[in-house]
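Below, each chain spelled out in residue letters.
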Amino acid sequence: MRSRPFIALRLPEVVHPGETFDVELSLDSASATPIDFVRVSLRYTQTLWSMGRQDVLQARDRLLLSEEVAGRGRLGEGVHRYRASFTLPGDVPPTHMGLVAELQCGISVVVSIPWWPDAEESGEVVVRPAVGPRPRTEPFTGASARGAGAFVEVSLPDRTFAPGDMLTGAVAFGGLGGRRASALEVALVGVERVHAGGQRSWSETHRLSFFRDLAGTHEGQEVPFRIEVPGDLAPTFSAEEVSLEYALEAVLEHAAGRVVHRAPVDIGSFAPRPGGDAKRPRVGAARWRAVWARAGERAGLSLREGVDGLGLRGVHAGCVVEVAPVDERSAPGLGATVHIAEPWGLELQVRPRRALERVGVVTGDPTFDGRFRASGREDAQVLAALTPALRAALGAFRGVDLNDARAQVRSAVGAFDESVLDLFLEQVEALAQATAEAGAALPPPASMAAWLPAWRRFAEESDGALRVGPMRLSGTFEGSQFEVRTRFKGAAPAGARIAVRLDPPNRGAGGSKGPAGEAIAAEILDQAARLGGVAEGEGIAVAPGEIAVAIAAPLADPAAAREVLRSMLALARELRGERRGGPYR
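As the structure is a prediction and not an experimental result, all values here were calculated from the model.

## Section: the pairing of strand β31 (residues 472–477)
Of the two faces of β31, only the one carrying Leu 473, Gly 475 and Phe 477 is buried; Arg 472, Ser 474 and Thr 476 on the other face are not. In this structure, the hairpin formed by β31 and strand β32 (residues 480–489) is closed by a connection of two residues, where Glu 478 is found at a positive phi of approximately 50 degrees.

Next comes the structure, spelled out in structure tokens:
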């Protein structure tokens, strides 16, 4: 009498793509039984579920291999043993049991019995990549967008890991603008992606987390972490319609919200890393200083030593330049100050124009006039100072405040990204260059333009320096420093101030001049009268460091002030009690 034989399967637990493996089976028949065939099949199936696994959307064979180990005949009583061999293609994906997709490899045996129920048996085999050498170690740093706000950055010794490894690294954060950081989560996250039937979906299949309360942790401080990679974690793969990807996800919680950064990592079947874990790059304050040092060196600037935080300082085109992060909550980013070597003396002010505010001095540049309001003592000088190059340089920044002495600018960009910092420093250098060139070409006040040659001549004779914008001259006369400065009333020159510096200072300044001193003071007033008279309400001003007199008219030629300067020096000697030959001894 025929009977269905008992089937016993012997399968490998794990098989690898590209390899050949054997399947052993035994048939224990209780009686002689006719058979059509004994077939062993390898079936690799793909099943796609709806979200929530309510319905099967797709079920198909990705691979089907069969081998008949016995043909038509009679299966005698007793145990019969067979063997089948299968070779897996090298590109077959690993076994995957996800939330939406399932990829499974199984072995089935069918004993076909004519006019009788067939005997069947099946079993699962796990497909995994073979253990291979690790790729070359590549230390990694990455960060979330470092724009105008908080950011988080991650450092890893490598981005390739194997099941059983310890995933180590560090996180740092910044850009909070004074806000408080509350918590940090670092997680190894697995994401399953499915693309089938024109539809795309994804689901999170794994999350292995490290948590840290950030109380007492400050910006720029490294926060180390360790995450154990489970020994049975499915490897990264990408097949035709299904893929499994991993990323290290860092989530920073702070008072104004949260920041998320993901760095892709690869989980694979790799041999142990020789020599243990590789060294990882630094993140946080140590990395930031290195970034600023490199960028500063390229731009000809140096890190400010002995100063908390970050900052660069140097000289461009004769202007002292200072660069530092800006921590204002409204617009964190980068800021710079360009100190003008010789202040222009134009009463210049350039700043962003407020809504409905008058334009101010119109440059004829619609973009510039639309953004900024410029003003100064004399429109012609303001227009001359705001050269096309200077307007373009100022336009590169979000915030601008320019006056006679310095330009302060800022941009709402990341302070810790090397390429962004390089660009900002290039813009600052262009601003310094344009500022220096504009200052060197400043014209005098329009009403004093014809007098400029005389002022230049006296500046050369006195080995001095002339600032053309305010028509101010400083030089040396008979061994002492002096200054002739034009005084303005509105835009019009309204007089001059002549001063001699006292070195050493006069300890008796402000006291009684005595008869000789009074005579010298009278001579000063007499000489001043020849230059236009002493300004109303003014006299000879004597201070410990200088003697000065205000003239009621501007000077066409400052050389005419020689006799006033000579009398001032005589008064200084008299006040110090010096006795020299000459008309005032």
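What follows picks up the thread again.
## Some thoughts on the sheet that holds strand β22 (residues 302–303)
If you trace the eight strands from one edge of the open sheet to the other, you get β22-β23-β24-β25-β29-β28-β26-β27, paired in antiparallel fashion. Pairing within the sheet leaves two strands with one partner each, and these edge strands are β22 and β27 (372–375). Sheet topology places strand β26 (residues 349–352) next to strand β28 (residues 399–403); two bridges connect them, and they run antiparallel. Residue pairing across strands places Val 350 opposite Leu 402, the latter belonging to β28. Along the sheet, helix α5 (residues 418–440) makes contact with β23 (312–316), β24 (319–326), β25 (333–339) and β29 (406–411), crossing β25 at roughly 20 degrees.

## Observations regarding the side chain of Gln 46
Tracing the sequence through the fold places Gln 46 in strand β5 (residues 37–49). Judged by relative accessible area, Gln 46 falls into the buried class, the value being 0%. Here the side chain of Gln 46 touches Gln 58 through a polar contact of 2.9 Å, side chain to side chain.

## Side note on the packing of aromatic side chains
Evaluated as defined, the whole model comprises eight aromatic pairs. Here Trp 288 and Phe 416 contribute two aromatic rings whose centre-to-centre distance is 4.1 Å and whose plane-to-plane angle is 35 degrees, an arrangement assigned as tilted. Remark: Phe 416 occurs in the loop between β29 and α5 and Trp 288 occurs in helix α1 (residues 285–299); sequence separation between them is 128 residues. You'll find Trp 288 and Phe 416 in the same group, each marked buried. Aromatic side chains Phe 458 and Phe 482 sit 5.8 Å apart centroid to centroid with 45 degrees between the ring planes, which places their arrangement in the tilted category. Taken together, the residues Phe 458 in helix α6 (residues 452–461) and Phe 482 in strand β32 connect sequence positions 24 residues apart. Classification of Phe 458 by relative accessible area gives buried; the value is 3%. Classification of Phe 482 as buried rests on a relative accessible area of 4%.

## Details of the environment of Leu 99
Along the chain, Leu 99 falls in the loop between β9 (96–97) and β10 (101–112). It is 9.0 Å that separates the C-alpha atoms of Leu 99 and Ser 50, two residues lying 49 residues apart in sequence.

## Quick look at the side chain of Ser 144
Structurally, Ser 144 can be placed in the loop between β12 (140–143) and β13 (151–156). Given a relative accessible area of 9%, Ser 144 falls into the buried group.

## So, the sheet that holds strand β35 (residues 546–551)
Taken in spatial order, the six strands make up an open sheet running β30-β31-β32-β33-β35-β34, and their pairing is antiparallel. Two strands close off the open sheet at either side, each with one partner strand: β30 (465–467) and β34 (540–543). Ignoring which end each strand starts from, the neighbouring axes of this sheet average 20 degrees apart. In this sheet, β31 lies alongside β30 in antiparallel orientation, the contact comprising three bridges. Its bridge partner being in β31, Ala 465 is matched across the sheet by Ser 474.

## Thoughts on helix α4 (residues 388–395)
Burial in α4 covers these residues: Leu 390, Arg 391, Ala 393 and Leu 394. Axial view of α4: buried residues confined to an arc of 165 degrees, hence all on one face. Away from its buried face, by an angle of more than 90 degrees, α4 presents the exposed residues Pro 388 and Ala 392. Against α2 (366–371), β27, α3 (379–385), β28 and α5 lie the buried residues of α4.

Criteria and thresholds
Residues numbered from 1 in each chain as written. Predicted model: local features only at pLDDT ≥ 70, side-chain atom pairs only at ≥ 80, totals over all residues. Heavy atoms only, no water. Buried < 20%, exposed > 50% of the residue type's maximum accessible area, 1.4 Å probe, protein only. Helix = DSSP H or I, 4+ residues; strand = E, 2+ residues; numbered from the N terminus. Pairing = 2+ DSSP bridges. Contact = heavy atoms within 4.5 Å. Axes fitted to C-alpha atoms, helices over the stretch in contact; angles between N-to-C directions. Polar contact = N/O pair within 3.5 Å; in protein donor to acceptor, adjacent residues only side chain to side chain. Phe/Tyr/Trp six-rings, centres within 6.5 Å; stacked < 30°, edge-to-face > 60°. Arc of directions from axis to C-beta.

Just distances and angles here, no functional claims.
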